[in-house]
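# Residue-level structure breakdown
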Amino acid sequence: MDSEMIKNVASILKSDYIEKKHFIETENEIVPLANMSLLVDLYDVWYKSVAEKDKAQLVNRMLTGVVFNLSKLEMDETINFLCPVGFSNNRENPKPKYQFPFALVSSKGIIFAVNKSDYPKNELQKVIDEIIQAKNTDSLFLLELYSRNKDGKCRGITVTRESDIKFMIYDSWANPSETHIMRHTRNEEYQYCTAFDIVYYLLFMKDADELHDYFDFLTKENDAQILGHGGDSSTFLMWKDADHAFEKGAIKYSMIDVGFDTENEYVVDYYRKKLKDFPLGSGDYILDNPFSWNITPKENDFYEYVQKGKAGFGGLYRLFQNNCYFFFPHNAKFYPDMNEYLKYKDAIFMIEDMIQRMMISIKGIIESSSELEGCSVQVMMMPETYARKSDPSGMLLAQERKYVKSDSIISNRKICIRFVPIIETLFNDIAKVKDRTVEVEFFMELMQPLRNYFPYFYLQLEKHLEGVRTEKKEVSAMSFSIEYTWKQEQESIFRVENDAYIAVRKHIAEVCYMAGISSGSYYGKDATAVVRSIQKELIEDFENGVKKYNYLKLFEMSLADYATLLHEIMIHRQRYNSFEDMKDEVRAEVSKKIIKQREEAKHNLRTVSYLLETALYNAGRGQEILSTEKYQYLLAYANWLVVLGDNADMCYFTEDEVYVEVSGEYIIDVESQREAGHHFGEELAQRMYDNPGHFERDYSADEQYFEKAKQAFEIDSGVPLETFFTLMYYLETGGKIGSELFYRGNAFCFWKEDIIDDYCSVQNVSKSVAEKALQLLCINATKLKSKNNVEDFYLPIGEKEKRCDRYEVKPVYEYDDMVIYSPAVIHYLRDYWQNSLFEFHMPYEIGMPATKNILIAWKRVYEKKIVFDLEKVFKDNGFNVRPNFELMNLDKKKYPQYLGDYDLFAVDLKTKEIWIIECKFIEKVETFYEMYRQQKRFFKEDKCDEKFQRRINFLNENYKEVIKDLKLPTAEYKIKPYMCVNKVFVSRYKEIAFPILSYQEMVEEIVK
């Protein structure tokens, strides 16, 4: 600027008519400020120049434009937005009577945006009444007033009488530079707001369902006075931040202060966390509007983008330092039906993982490439059927490629690659190969279209990938068969939204408050007493909620979830340790993920089981419609009952694990006593998966005792064990497929008589024996609350041995003359019985005394065998070893009798070490209750650790005498004590001074 210009600018800055300063004067220089107030002031000038009569139309167009930009990718799919929209009550001649800027279509109802400035004072209510009247007579037809397609056809929907309708009533004020006050009264029938509020709603809502829920909160749930300073949008954003619930406990608020700058802080935080890498201003048609996407940050600077208004469209996104970004979208529309999608489902996950890992590997190459600077690359997968349809020339599919066929188009430094994977070859080769050859060749074929546009980048890419080709692979595949009938397209998806968990916790807090429980921390039996004091009321309340619905519908929905979760648990078990040929750090990462997924599925299975058994026990015939939202609420309630019950059991047995915290709002939380990173977490889980409890089998003893177990089983049940197993196998493979009454949710329904007759003809079994065998599998719903044949008020989910009537072990439900079951659940039970018998226990003990006695005798064989097996391992590794070694046998006067024997006493003369091993063979436990009962018996009642510690202490003080009496070379020896157990076992009661190892771990320790 010259001096004259500086003087002019300075005089402007000193004037009174400009509200915001856009420049600052520093060290005699005029410096422009980069802030949005420039645009705000410009907008203020423009807005004031618009005539009052035109402002309503200006605001309406603005809102229509916002909605259109959000929904421009929405074409033929499920309608979420209609803009602008007209309404008619005549389907045959749908001439719109009124026009609105837009309407939102949610699964819960319709939301209209209505500008009250468009109507005279009394006309608005008439319009609203007319809309509602048309809806109530099933004659409300909404029509988008322009065509999104070249054919000129407009989209529309029919709104039925069951639909809910909400109205956002706004005015024409749209100038942030002007003060605007909007007063609300209680019990307003409609949502009164400003056009700016609506813009915030649209940009930041997850979907139209969320906005519908917010309006429900305001009109139906909230009794507090809301004090806001930034319009209703600040309340909406604060409600979102509060997980849709301001009052999370039992305390009711009289006033909610939203505060100042809530919306500004929310926007800044949103940009900082989710939009910092969004390609703003890139001109990308798909990624031009950040508010069209629900964005979730992922690992390694990737983001998951899911289109708000376009069902089934989204993918991974990654921005690099040179402003080049890659987007890997998937489009559900490419798959014409579920079968086609399932064909590619596993490939999608594997390819996405492969691409992610490759992108991380070549990050440096991308960021150092000047060719890719500011470039966008979209890589979209499509199935072969869609590729054939979208490429009439056939050139894409005609390519001779090994793993992937790809082509591209480029426009203004935007490259779109589309590709078709050759799935079968890719899966087979990546399963066989030991290095990254397949990953490299796949990625090079995928990126081959870039060779023409960016030759130097492609050359560097080729050079880098050749260097990693011989590394151990990072992605693998495996295939295995399942024995039971299963259809992927019938799999359910277990999902409980966070809102449901919050609502249940709030309800439990209210029960806690009514029960007079004081806030504070509760430990041990005091914590158990707190939970037990409200448990009965909670269970009664939960069961009353269950009774509102037809129990058969609830049973069907929960059985679909139960079967899918059990299927996942069994699949995850097979997947674990199936990727030994992968890179070590990747294998460790995959193993952790599998454990996490499987443990989550196991917990969710207990939740579903609790709901399923409650439904069967109460057998309610309520008439309420069981919506997805209500089903999720019941699942969330069941989850909290399971969690509270488990932790009440834990607190009863020990104060060292968890404690119960009751907040000032009477919210109950279970807090851990363990420090973060304690070995009871991931480390213990990893040990248990790596050491599932296998040991050396005595096949002769197994054959002998299994025969005895079969005889005992028949004595106890009246059914030959082989018949029991073959019936389960018959059922899990589908029974009499073709004559089923229905097959959905991976569950069958047959006439009971058909099953019996067909099974008898296939297996040549008498009808009476077949009926008895089937009866062993049929649940007696009236006994679901019984433990040891004694009924209580709750489902004793922590008890297994004494609870023979539970769905896990009796998964066939009789309804009139029909039977309903899932093949996956039957298969799990067959495995459960087979594995349990060879681990010397049963799924339940009630009514099985003869079988139990045989298993006890069978187990004693292995209690002795574990000692002799370890003796052999010691000898094979050069130890001087003595089994069942009693010191008093060396010298009765010198050594005390109370010590007992050392199960194994092994001396390594080379390293001068004395290994003393205490061997224990303990039963497998499956619930928190059983585990803590076992812990109490082992460490507190039998004090097995203390007895062994006495022997350790004595040897530490007297080992020289022992070595001398054994006539072994005298020297300074190191004592190495271990307790060896047939499975992974830890002390949860107290610190132990010696390692407790599984048999496998003990063998590894000796060998190394």
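The rules we used
Residues numbered from 1 in each chain as written. Predicted model: local features only at pLDDT ≥ 70, side-chain atom pairs only at ≥ 80, totals over all residues. Heavy atoms only, no water. Core = buried A, V, L, I, M, F, W, Y, C linked by side-chain atoms within 4.5 Å. Buried < 20%, exposed > 50% of the residue type's maximum accessible area, 1.4 Å probe, protein only. Helix = DSSP H or I, 4+ residues; strand = E, 2+ residues; numbered from the N terminus. Domains from an automatic or database assignment. Contact = heavy atoms within 4.5 Å. Pairing = 2+ DSSP bridges. Axes fitted to C-alpha atoms, helices over the stretch in contact; angles between N-to-C directions. Salt bridge = Lys/Arg side-chain N within 4 Å of Asp/Glu carboxyl O. Phe/Tyr/Trp six-rings, centres within 6.5 Å; stacked < 30°, edge-to-face > 60°. Parallel < 35°, antiparallel > 145°, perpendicular 65-115°, else oblique. Left-handed = near helix turned anticlockwise from the far one by under 90°. Nonpolar A, V, L, I, M, F, W, Y, C, P; charged D, E, K, R; others polar.

In this section: the nonpolar core. Of all hydrophobic cores here, the largest spans 109 residues; its most connected members are Phe102, Met168, Leu211, Met359 and Met447. In terms of residue count, the dominant contributor to this core is helix α9 (residues 338-361) (nine residues). When residues of this core are assigned to domains, at least three fall in each of domain 2 (52-221) and domain 3 (280-469). Once you skip the residues sitting within four places of it in the chain, Met168 turns out to touch Phe102, Ile111, Phe112, Ala113, Val114, Gln191, Cys193, Ile198, Tyr201, Leu211 and Phe215. If you look at the next biggest cluster of nonpolar residues, it comprises 108 residues, including Ile534, Leu635, Leu644 and Ala747.

Spatial ordering of the open sheet is given by β3-β6-β7-β10-β11, a layout of five strands whose pairing is mixed. The open sheet has two free edges, formed respectively by β3 (81-82) and β11 (191-193), since each of these has just one partner strand. Note: β3 against strand β6 (residues 103-106), two bridges, orientation antiparallel. By the bridge assignment for β6, Leu82 is matched with Ala103. On top of the sheet, helix α4 (residues 123-136) reaches β7 (109-115) and β10 (164-170); it is set at about 165° to β10, its chief contact. Sitting on the sheet, helix α5 (residues 195-204) is in contact with β6, β10 and β11, with an inclination near 110° to β11.

On to the pattern of salt bridges. Taken as a whole and assessed by the stated rule, the structure comprises 82 salt bridges. Lys240 is the salt-bridge partner of Glu210, the closest N and O atoms lying 3.0 Å from each other. One end of the pair, Glu210, is in helix α6 (residues 208-221); the other, Lys240, is in helix α7 (residues 232-241), and 30 residues separate them in sequence. By the burial criterion, Glu210 is buried, and Lys240 matches it. The partner of Asp353 in a salt bridge is Arg357, with the nearest N and O atoms 3.1 Å apart. Of the two residues, Asp353 and Arg357 are both situated in helix α9; the distance of four residues between them amounts to about one turn of the helix. On the accessibility criterion, Arg357 (12% relative accessible area) is buried. One continuous salt-bridge network, built from bridges that share partners, spans Arg436, Glu439, Glu471, Glu474 and Lys583.

Time to look at the domain arrangement of the chain. Looking at the chain, the domain boundaries give domain 1 (3-49), domain 2 (52-221), domain 3 (280-469), domain 4 (488-574 + 583-672), domain 5 (699-851) and domain 6 (878-1007). Distance from the C-alpha centre of domain 3 to the C-alpha centre of domain 5: 49 Å.

Our next topic: the packing of aromatic side chains. Applying the stated criterion across every chain, the model contains 83 aromatic pairs. Pairing Phe948 with Phe994 gives two aromatic rings, centres 5.0 Å apart and planes at 75°, and the pair type is edge-to-face. With Phe948 in helix α29 (residues 944-965) and Phe994 in the loop between β33 (974-981) and β34 (996-998), the pair connects residues that are 46 residues apart, well separated along the chain. Residue Phe948 shares its accessibility class with Phe994, and that shared class is buried.

Bringing the packing of helix α18 (residues 551-575) against helix α20 (residues 628-653) into the picture now. Orientation of α18 relative to α20, taken along the N-to-C sense of each, is 65°, at an axis distance of 12 Å. On the basis of the axis angle, α18 is roughly perpendicular to α20. You can see that α18 and α20 cross each other, and the crossing is right-handed. Mapping the contact onto sequence places Leu554, Met557, Ser558 and Asp561 in α18 and Tyr631, Leu634 and Leu635 in α20. Residues belonging to the contact of α18 with α20 are distributed by class as follows: five nonpolar, one polar and one charged.

This part takes up the sheet that holds strand β9 (residues 156-159). The antiparallel open sheet is built from four strands, whose spatial order is β5-β4-β8-β9. The two strands at the open ends of the sheet, each matched to only one other strand, are β5 (98-100) and β9. The mean inter-strand angle of the sheet, taken between neighbouring strand axes irrespective of direction, is 25°. Across four bridges, the pairing between strand β4 (residues 85-88) and strand β8 (residues 140-144) is antiparallel. Across the sheet, Ser88 pairs through a bridge with Phe141, a residue of β8. Most of the contacts of α4 go to β5, to which it runs at about 95°, and overall it touches β4, β5, β8 and β9.

With respect to the helices and strands, the residue Tyr513 is situated in helix α16 (residues 498-514). On a C-alpha basis, the gap between Tyr513 and Val662 in space is 9.9 Å, while along the polypeptide they are 149 residues apart.

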